[in-house]
Amino acid sequence: MEEKYSARELNSNMNALMSAAPLFAGLPQPAVDKAIKNVVTRSHPANQVILLENDWGGSVYFILNGWVKIRTYNMDGKEVTLNILGIGELFGEMAALDQVPRSTDVITLTPTMIGSMPSQDFVQLVKTEPMAGVRLAQLMAKRLRQLNRRLRLRESDSVSRVADTLIFLAEGQGKSQAQGTEIPNLPHRELSSLSGLARETVTRVLTKLEKKGLILREHDLLIIPDLAALEDTIV
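Residues numbered from 1 in each chain as written. Predicted model: local features only at pLDDT ≥ 70, side-chain atom pairs only at ≥ 80, totals over all residues. Heavy atoms only, no water.

Further remarks concern helix H5 (residues 130-152). The terminal C-alpha atoms of H5 lie 33 Å apart, and with 23 residues this matches the ideal 33 Å at 1.5 Å per residue to within 8%. Three or more residues of H5 are buried, namely Ala132, Leu136, Leu139, Gln146 and Arg150. Tucked into the core, H5 has its buried residues touching strand E5 (79-85), strand E6 (90-91), helix H3 (93-98), helix H4 (119-128), helix H6 (158-173) and helix H7 (188-195). (Helix = DSSP H or I, 4+ residues; strand = E, 2+ residues; numbered from the N terminus. Expected span 1.5 Å × (residues − 1). Buried < 20%, exposed > 50% of the residue type's maximum accessible area, 1.4 Å probe, protein only. Contact = heavy atoms within 4.5 Å.)

This is the structure we're talking about:
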């Protein structure tokens, strides 16, 4: 039976989800309430474009549910997935801060709910709440470290690159459970784009890792029983 919620309940749920975003951790509640008062939420189906490269943007976006990928293209016109983002993550912050067009596309991977905050509210929050600026700097530093690590591994063997891609996803959005760390069981074409390998190669490596017990696949989830053991395969 479908659950029905009042507008007040839906608004309360949205506020709770927004307030739980890492950007707001440790901020005074009045500052959070002020920042999110103009947030508008929308639900999107899978494979829907949210933002396009070179668009001018007036909002910063928070993922309240679901997954999106950050995409660009190389010089040969081939799609390159730069990142996969999930609940609590934000995107569109760079265009809000430096007031230039978007530098990447953003596409939903699953049915996704997104809250859009006006850029001026986001910039005002960063200006008036030092901890918000610290959280934002930490986010950008984390993304830069992850990108540097992936670039260093571009010349490594296929097992190392797939293992690193899985660890990258686990560090970003993994959930610790009794069986291990859960991450979304993404289509192989997405793992191919993230790792820079052919899809067939990714499929072959995942089968090898599964046979060794380093990963478990269950429908829409992929479970890593021991992150340290998987990391040991990276050379």
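Bringing the sheet that holds E5 into the picture now. The strand order across the open sheet built from 4 strands is E2-E7-E4-E5, with neighbouring strands paired in antiparallel fashion. In this open sheet, the two strands that pair with only one neighbour each are strand E2 (49-51) and E5. On average, each strand axis in the sheet is tilted by 35° relative to the strand beside it, whichever way the strands run. Inspection of the sheet shows strand E4 (residues 68-73) paired to E5 by 6 bridges, in the antiparallel sense. Its bridge partner lying in E5, lysine 69 is registered against isoleucine 84. (Pairing = 2+ DSSP bridges. Axes fitted to C-alpha atoms, helices over the stretch in contact; angles between N-to-C directions.)

This brings us to the sheet that holds strand E10 (residues 180-184). Strand order in the open sheet formed by 4 strands is E9-E10-E12-E11, and the pairing between neighbours is antiparallel. Edge positions in the sheet fall to strand E9 (175-177) and strand E11 (216-218), since each of these pairs with one other strand and no more. Here the strands of the sheet are splayed against their neighbours by 30° on average, with no regard to which way each runs.

Let us look at the nonpolar core. Counting 27 residues, the largest nonpolar core has Val162, Leu166, Leu169, Leu209, Ile224 and Leu230 as the members making the most contacts within it. Elements that contribute at least two residues to this core include exactly H6, H7, helix H8 (199-211) and strand E12 (221-224). For this core, the element with the highest residue contribution is H6, accounting for 8 residues. Per-domain counts for this core show at least three residues from each of domain 1 (7-151) and domain 2 (155-231). For leucine 166, the contacting residues outside a window of four places in its chain are Ile183, Leu191, Leu206, Leu209, Ile215, Leu222, Ile224 and Leu230. (Core = buried A, V, L, I, M, F, W, Y, C linked by side-chain atoms within 4.5 Å. Domains from an automatic or database assignment.)

Keep in mind these values describe shape, not function.
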